[in-house]
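Chains, contacts and geometry: an overview
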Amino acid sequence: MDALNPPPVPDAPGPAPAPEPAPAPAGPACTACGATAVVQWQRRPTDEEIADAITAEQSRRDYARQMADPQAPEPDFGPLPTGDDMTIAVYGCGQHAISLDAAARVHASSCTAPNDADLPACDCTPETLPQPEPADEPAPAPALPAHWLPGAE
């Protein structure tokens, strides 16, 4: 190093980088307060939600018909959805959770859960749970080769 080429001066440390914000929690949020959900249940859709779903489905069908091959048979979509075959997911945090039995049932479209005044229940009569079908006899386990069993050699 000579006078014409001085040694490099190390860079002075700059300000520390700002810490990155914590990532937002992933997944659904509580319907009542927006906190991370810990329980989910189903309710029937309101008349407005049914109308929106039918409009969206009809729009999808119209587009599919427009894009269909004119030489092929016209697509058959079946009947439009009804409120009887639709459910809407409802979420609750730990504070706004309904009971396990209530969460296992489908609630009415007018259900106000998670309403603080009704917790851990709700203000509707949920649909009854389907009765479990009797289990068939389980198939017998296949016989394993002797060298697969522990202690058999």
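Residues numbered from 1 in each chain as written. Predicted model: local features only at pLDDT ≥ 70, side-chain atom pairs only at ≥ 80, totals over all residues. Heavy atoms only, no water.

Right, let's get into the confidence of the model for the protein. In the predicted model, the protein carries a mean pLDDT of 84, and 87% of its residues have values of at least 70. Averaged pLDDT values for the elements of the protein fall to 88 in helix H2 (residues 100–103) and rise to 94 in helix H1 (residues 47–67). (pLDDT = per-residue confidence, 0-100. Helix = DSSP H or I, 4+ residues; strand = E, 2+ residues; numbered from the N terminus.)

Another aspect to go through is unusual backbone geometry. Between Ala 113 and Pro 114 the backbone carries a cis peptide bond, its omega angle lying at 5°. Examined against the element boundaries, Pro 114 turns out to sit in the segment after strand S3 (106–107).

Sheets are built from strands paired through backbone hydrogen bonds, the pairs being either parallel or antiparallel. Here three strands make up an open sheet; going across it, the order is S2-S1-S3 and the pairing mixed. Edge positions in the sheet fall to strand S2 (88–92) and S3, since each of these pairs with one other strand and no more. In this sheet, S3 lies alongside strand S1 (residues 39–43) in parallel orientation, the contact comprising two bridges. The residue of S3 that forms the bridge with Gln 42 is Val 106. (Pairing = 2+ DSSP bridges.)

Counting residues in hydrophobic clusters, the biggest one holds ten residues: Val 39, Trp 41, Val 90, Ile 98, Ala 102, Ala 103, Cys 111, Ala 113, Cys 122 and Cys 124. Secondary structure elements with two or more residues in this core: S1 and H2. (Core = buried A, V, L, I, M, F, W, Y, C linked by side-chain atoms within 4.5 Å. Buried < 20%, exposed > 50% of the residue type's maximum accessible area, 1.4 Å probe, protein only.)

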